[in-house]
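Examining the three-dimensional arrangement
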Amino acid sequence: MLKPVILGLDAQPFPCKAAGIIVRSKEDKTLFVDRRKGTLGWACPAGHLETDYSDVFEKDFFEDPAHCAWRELREETAVVLPAYPTILKLHANIAYNTCGRPAGQDGHEWYVYYSEVDDDHVELKEPDKHRGIGWFKRQEIQALELEPVWRLILNHLQIISND
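Residues numbered from 1 in each chain as written. Predicted model: local features only at pLDDT ≥ 70, side-chain atom pairs only at ≥ 80, totals over all residues. Heavy atoms only, no water.

**Re a negative patch on the surface**
- Negative charge collects at one region of the surface, where E27, E116, D118, D119 and D120 lie side by side.
- Checked against the element boundaries, D119 lands in the loop between strand 7 (107-116) and strand 8 (130-136). (Patch = residues over 30% accessible without salt bridge, like charges linked within 9 Å, V, L, I, M, F, W, Y side chains within 5 Å. Areas by Shrake-Rupley, 256 points an atom, 1.4 Å probe, with all protein chains shown as cover. Salt bridge = Lys/Arg side-chain N within 4 Å of Asp/Glu carboxyl O. Lys, Arg positive; Asp, Glu negative; His and termini not counted. Charge placed at Lys NZ, Arg CZ, Asp CG, Glu CD. Helix = DSSP H or I, 4+ residues; strand = E, 2+ residues; numbered from the N terminus.)

This is the structure:
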């Protein structure tokens, strides 16, 4: 299996689009969920941008990426940000990040946001999709079995290293 790789935005965009969010606590810890389905491993809250097929003329209309990141965070962890995240840390096409949806593409156009929270209370909201949830310090993240695309993203953003 090939490892995910970041392509430039000038590359042909993938039709599958995903958004995720890196959430940090006051204690300088990052929030992760341990995926039970699809590509296994610890990952920041994330998911596909939903599409709206109600308008035949705009069948490729996608949910706003910031809304998607906000929604996925709430759905997966019960953390509700007071507003949509505004700090976009990464927007890139990532190849060899296979999509589990029926269209089954070999990559995604990713939007990764960043936010900080005061309250670190979380709940495992989707136990059918996730095995665990937790806050981790930087050195702990390095040792986690991360989902490959998140290892790539976090390394690219210099949150972890490939060492």
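**Brief notes about helix 1 (residues 65-77)**
- Taking 1.5 Å of rise per residue, 13 residues should cover 18 Å, and helix 1 covers 18 Å from first to last C-alpha, within 8% of that figure.
- Judged by how many residues are buried, helix 1 sits mostly within the fold: 10 of 13 residues are covered.
- Listed in full, the buried residues belonging to helix 1 are P65, A66, C68, A69, W70, R71, E72, L73, E76 and T77.
- Of the surrounding secondary structure, the elements contacted by the buried residues of helix 1 are strand 2 (17-24), strand 3 (30-35), strand 5 (46-48), strand 7 and strand 8.
- Its side-chain oxygen at 3.1 Å from the backbone nitrogen of A66, D64 defines the N-terminal cap of helix 1.
- Among the residues trailing helix 1, A78 stands out with phi positive, at a value near 70 degrees. (Expected span 1.5 Å × (residues − 1). Buried < 20%, exposed > 50% of the residue type's maximum accessible area, 1.4 Å probe, protein only. Contact = heavy atoms within 4.5 Å. Polar contact = N/O pair within 3.5 Å; in protein donor to acceptor, adjacent residues only side chain to side chain.)

**Here we look at the side chain of K17**
- Among the secondary structure elements, K17 is positioned in strand 2.
- A polar atom in the side chain of K17 sits 3.2 Å from the backbone oxygen of F14.
- At 2.7 Å, the side chain of K17 and the side chain of E109 are in polar contact.
- Excluding anything up to four places from it in sequence, K17 contacts G47, H48, L49, F62, H108 and E109.

**Some remarks on the packing of aromatic side chains**
- In total, this model carries 4 aromatic pairs according to the counting rule given.
- Here the aromatic rings of F32 and F136 are separated by 6.1 Å at their centres, their planes lie at 65 degrees, and the arrangement is edge-to-face. Within this pair, whereas F32 is found in strand 3, its partner F136 is found in strand 8, the two being separated by 104 residues in sequence.
- Residue class for F32 comes out buried when judged on its relative accessible area of 0%.
- Residue class for F136 comes out buried when judged on its relative accessible area of 15%.
- One aromatic cluster is present, built from ring pairs that chain together F32, W42 and F136.
- The ring of Y114 carries the charged tip of K89 above its face, separated from the ring centre by 5.7 Å. (Phe/Tyr/Trp six-rings, centres within 6.5 Å; stacked < 30°, edge-to-face > 60°. Lys NZ or Arg CZ within 6 Å of the ring centre and 35° of its normal.)

**Re the nonpolar core**
- In terms of nonpolar packing, the biggest core is built from 23 residues, with I22, F32, W110, L146, W150, I153 and L154 touching the most fellow members.
- Looking at this core, the elements that each hand over two or more residues are strand 2, strand 4 (41-43), strand 6 (87-95), strand 7 and helix 3 (148-156).
- Looking at this core element by element, the count peaks at 4 residues for helix 3.
- Excluding its chain neighbours within four sequence positions, the residues that come into contact with L146 are F32, G41, W42, I141, R151, L154 and I160.
- Residues V23, V79, Y111 and W135 belong to the second largest nonpolar core, which totals 17 residues. (Core = buried A, V, L, I, M, F, W, Y, C linked by side-chain atoms within 4.5 Å.)

**As for the pairing of strand 8**
- The buried fraction of strand 8 amounts to 5 of the 7 residues, a majority that puts the element mostly inside the structure.
- Pairing between strand 3 and strand 8: 6 bridges, direction antiparallel. Residue pairing in the sheet places F32 in a bridge with G134 of strand 8. (Pairing = 2+ DSSP bridges.)

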